[in-house]
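Here's the letter readout for the chains.
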Amino acid sequence: MEKFKTLTSTVVPLAVQDVDTDQIIPARFLKATTREGFGENLFRDWRYDQEGNPKPDFVLNQNTYSGSILVAEDNFGCGSSREHAAWALVDYGFRAVVSSFFADIFKGNALNNGLLPVQVSPEFLKAMFAEINKDANTPVTINLEEQTIEIDGTDLKENFEISSYKKMCLLNGYDDIDFLLSNKDKIEAFEQSHQEF
Amino acid sequence: MGKTLFEKVWDRHVVDSVEGGQEILYIDKHLIHEVTSPQAFDGIRKRGIDIFRKERIVATADHNVPTKDQHLPIKDYLSRLQVDTLTQNCEEFGIELFGLGHKYQGIVHVIGPELGITKPGMTIVCGDSHTSTHGAFGAIAFGIGTSQVEQVMATQCLLVQRPKTMRITIDGELGKGIYSKDIILYIISKLSTSGGTGHFVEYAGSAIRSLSMEARMTICNMSIEMGARGGMIAPDETTFEYIKGRKHAPEGEKFDKAVAYWSSLYSDDDAVFDKEYTFSAEDIEPMITYGTNPGMGIGVTQSIPTKDEVKSPAALAKSLEYMGLQEGEKLLGRKIDHVFIGSCTNSRIEDLRIVADYVKGKKKAPHINAMIVPGSKQVEAQAIEEGLHEILFDAGFELRGPGCSACLGMNEDKIPKGEYCVSTSNRNYEGRQGPGARTMLVSPLTAAIIAVEGHVVDAREFINDGELV
Ligand code: SF4
């Protein structure tokens, strides 16, 4: 997994709430047996019409916006547990998603793939959309060590939460499996006394 | 202080607690399918390790399989590749597979319970959000991502944050024509798609106790649709009776010992939940969804809310535009094009019986395309044995082979753009049943009546003295 320390980037605003994983990557594109290439079909049905032509009013098709931070409205990533949603965002080039709320499984999947979910207050989110609307080139800085997100050139800055273990993993590029494998003795000992029916 | 059902089961599976609030949780059973496992197998290979406890894994092919001509090679190249990859992986690592053509093949959440693999007090995971279905037996069952599938393959454990607890109590008696699907659609319409986030739900109350195992599975299945990690119901006589005699159920003395333990799995009187909700069964009508998430449901006689009545007018407008519906409008009488009876929510034998019972001697409306996809080979065999397939065939329904099918439109079973499909599945997201498809979620009985009438109905009007008419 790639390390995550700080990130400064312009952002891509997606002013939609309850974005579910079926929209992030529709089921018919889940047939691959590797993790690569999902970015091509990220937000497929919002991004392209049925003939495969880009829809001009969708934000990923607008030259105005670019960057490795996606900002979306409340409750991002609900629905299906498909990790392909996180893979698609990463494959497209996103390193962080900002919202005022994330669905559980999506959040876990994102963290396991070096994609940082940054949960901010509804007020901060609103301010962020407003700044981007004013100037699409507004850079945003996310500092994982300090757990802060700030809109550069303004005094808008906020702290975000992340479990200390997950933070350590991201800062060092470790994953959970490395950690669990180092605990094999404990797991085997547990099995000895674990009674099942 | 007493413990909740959830805490009793969870605590027995904690291997260790880690700094930062995470816990190492031991997993008793791991179910896998073709879509979310290939990258995990690859990961195991790349790490140069073996699967830690292969006997604890069971595999099936369900999401991608065709439901027609299942004996022939799969036509779609990518689908075939994914299903073949699963077969190869299971052979290479020595994992039990109920693949296409096997007499136990079926939707992963249908076959687990039906084979007696799912038992009270277990921890069960699968790379699929509807793993919550198994909670109906008093197990802790939840969906995981593919990286976690790899974790469990490597160590039989997961590193997880303990969720909060929530209890939803439904007391009272359900009206005639109201099913467990209506209960859960009702709950989600009240709590919204994020109302359960961060929580593990226990369903309790007299209305829940009175339900069959199949009906309980329908409820737990959709826990994820309110954002909850999972849902569970305390095991009781109904549970034990269901498990008894199944393929993987304990036998004789072992069964009695198991029942003695299972009987201790309930929330103590003084147990405390982080959140509690109570609803009355009498308030529940036959439900239907009008929008593009499972929280957008109404009683079938109600009107679609107006912009002034909802928290997010923009979200409502976007949904209604997709659905081709108007705010404030009623759905009763609206013409429907397709009826899909299937999915891990409602494709068990009991669901097929409800449908067959109603359509017996009737014909589907001529313009309706009605499809029934049983949840498993065993459900299919049972339906044939009971003669249900003939009843359904005579009524003009198309009976398919088992799989996920039009629940997610990964195979060729898709609903065409702009057409309305009344579905017994669990998700009505944009494009879920095919690009542009318009889905309305309902119970199996409501779906059956709509297939015959051709438009949205109130199921209660088709019942006389408790008898279907
Ligand atoms: S039937 Fe639908 S919801 Fe259930 S496992 Fe299959 S795709 Fe998922």
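Residues numbered from 1 in each chain as written. Chains lettered and ligands numbered in written order. Predicted model: local features only at pLDDT ≥ 70, side-chain atom pairs only at ≥ 80, totals over all residues. Heavy atoms only, no water.

Visitor: Is there a simple way to explain the site of the ligand in this structure?
Guide: All residues adjacent to the ligand are His63, Ile107, His109, Asp128, His130, Ser343, Cys344, Cys404, Cys407, Leu408, Asn426 and Arg432 of chain B. Broken down by class, the residue content of the shell around the ligand amounts to five nonpolar, five polar and two charged. (Near = heavy atom within 4 Å. Nonpolar A, V, L, I, M, F, W, Y, C, P; charged D, E, K, R; others polar.)

Visitor: Sorry if this is basic, but what is going on with the packing of aromatic side chains here?
Guide: For any pair of aromatic rings, the description consists of the separation of the ring centres together with the inter-plane angle of the planes. Going through the model one piece at a time under the given rule, you end up with 21 aromatic pairs over all chains. When the centroid spacing of 5.2 Å and the interplanar angle of 75° are considered together, the rings of Phe76 of chain A and Phe106 of chain A count as edge-to-face. Within this pair, whereas Phe76 of chain A is found in the loop between strand E3 (69-72) and helix H3 (84-92), its partner Phe106 of chain A is found in helix H4 (residues 104-111), the two being separated by 30 residues in sequence. Using a relative accessible area of 0% as the deciding quantity, one classes Phe76 of chain A as buried. For Phe106 of chain A, a relative accessible area of 3% corresponds to the buried category. With centroids separated by 6.1 Å and ring planes inclined at 90°, the aromatic side chains of Phe255 of chain B and Trp262 of chain B adopt a geometry described as edge-to-face. For the pair Phe255 of chain B and Trp262 of chain B, a shared accessibility class is recorded, and that class is buried. Site record: aromatic cluster; members linked through ring pairs are Phe43, Trp46 and Phe58 of chain A. We note Lys8 of chain B situated over the ring of Tyr266 of chain B; from NZ or CZ to the ring centre the distance is 4.1 Å. (Phe/Tyr/Trp six-rings, centres within 6.5 Å; stacked < 30°, edge-to-face > 60°. Helix = DSSP H or I, 4+ residues; strand = E, 2+ residues; numbered from the N terminus. Buried < 20%, exposed > 50% of the residue type's maximum accessible area, 1.4 Å probe, protein only. Lys NZ or Arg CZ within 6 Å of the ring centre and 35° of its normal.)

Visitor: Explain the sheet that holds strand E2 (residues 22-26) of chain B here, please?
Guide: Within a sheet, each strand pairs with its neighbour through backbone hydrogen bonds, oriented either parallel or antiparallel. Read from one edge to the other, the open sheet built from three strands follows the order E1-E2-E8 (chain B), with strand pairing classed as antiparallel. Two strands bound the open sheet, and with one partner strand each, they are strand E1 (14-17) and strand E8 (157-161) of chain B. Averaged over neighbouring strand pairs, the angle between their axes works out to 25° when direction is ignored. One ladder, built from three bridges, connects E1 of chain B with E2 of chain B; its direction is antiparallel. Paired with Asp16 of chain B across the bridge in E2 of chain B is Ile24 of chain B. The sheet contacts of helix H8 (residues 184-193) of chain A involve E1, E2 and E8 of chain B, and relative to E1 of chain B the element is tilted by about 140°. (Pairing = 2+ DSSP bridges. Axes fitted to C-alpha atoms, helices over the stretch in contact; angles between N-to-C directions. Contact = heavy atoms within 4.5 Å.)

Visitor: Before we go on, may I ask you to explain the pattern of salt bridges in this structure?
Guide: Proximity of charged atoms lets side chains of opposite charge pair with each other. Inspection of the entire model under this criterion finds 38 salt bridges over all chains. With its nearest N and O atoms 2.6 Å apart, the salt bridge here joins Asp16 of chain B to Lys186 of chain A. Taken together, the positions of Asp16 of chain B in strand E1 and Lys186 of chain A in helix H8 put the pair across two chains. With a relative accessible area of 41%, Lys186 of chain A lands in the partly exposed category. Across the pair Arg53 of chain B and Glu191 of chain A runs a salt bridge, and its minimum N-O distance is 2.7 Å. In this pair, Arg53 of chain B sits in the loop between helix H2 (38-47) and strand E4 (57-60) while Glu191 of chain A sits in helix H8, so the two residues belong to two different chains. The structure contains a network of salt bridges with shared partners spanning Arg35, Glu83, Asp175 and Asp178 of chain A together with Arg47 and Glu150 of chain B. (Salt bridge = Lys/Arg side-chain N within 4 Å of Asp/Glu carboxyl O.)

Visitor: Teacher, can you tell me more about the packing of helix H6 (residues 180-191) of chain B against helix H8 (residues 213-221) of chain B here?
Guide: How two helices pack is summed up by the angle between their axes together with the distance between the axes. All names here are of chain B. Running from amino to carboxyl end, H6 crosses H8 at an angle of 20°, the nearest separation of the two axes being 8 Å. By the angle between their axes, H6 is roughly parallel relative to H8. Two packed elements cross with a definite hand, and for H6 against H8 that hand is right-handed. Where H6 abuts H8, its residues Ser180, Lys181, Ile183 and Ile184 lie against Ala215, Thr218 and Ile219. Residues that form the contact of H6 with H8 fall into these classes: four nonpolar, two polar and one charged. (Parallel < 35°, antiparallel > 145°, perpendicular 65-115°, else oblique. Left-handed = near helix turned anticlockwise from the far one by under 90°.)

Visitor: Before we go on, may I ask you to explain the environment of Gln302 of chain B in this structure?
Guide: Residues and elements named next belong to chain B. Structurally, Gln302 is set in the loop between strand E14 (297-299) and helix H11 (313-323). Remark: the alpha-carbon pair of Gln302 and Ile288, spanning 14 residues in sequence, is separated by 9.6 Å. Of the polar contacts made by the side chain of Gln302, one reaches the side chain of Glu285; its length is 2.9 Å. (Polar contact = N/O pair within 3.5 Å; in protein donor to acceptor, adjacent residues only side chain to side chain.)

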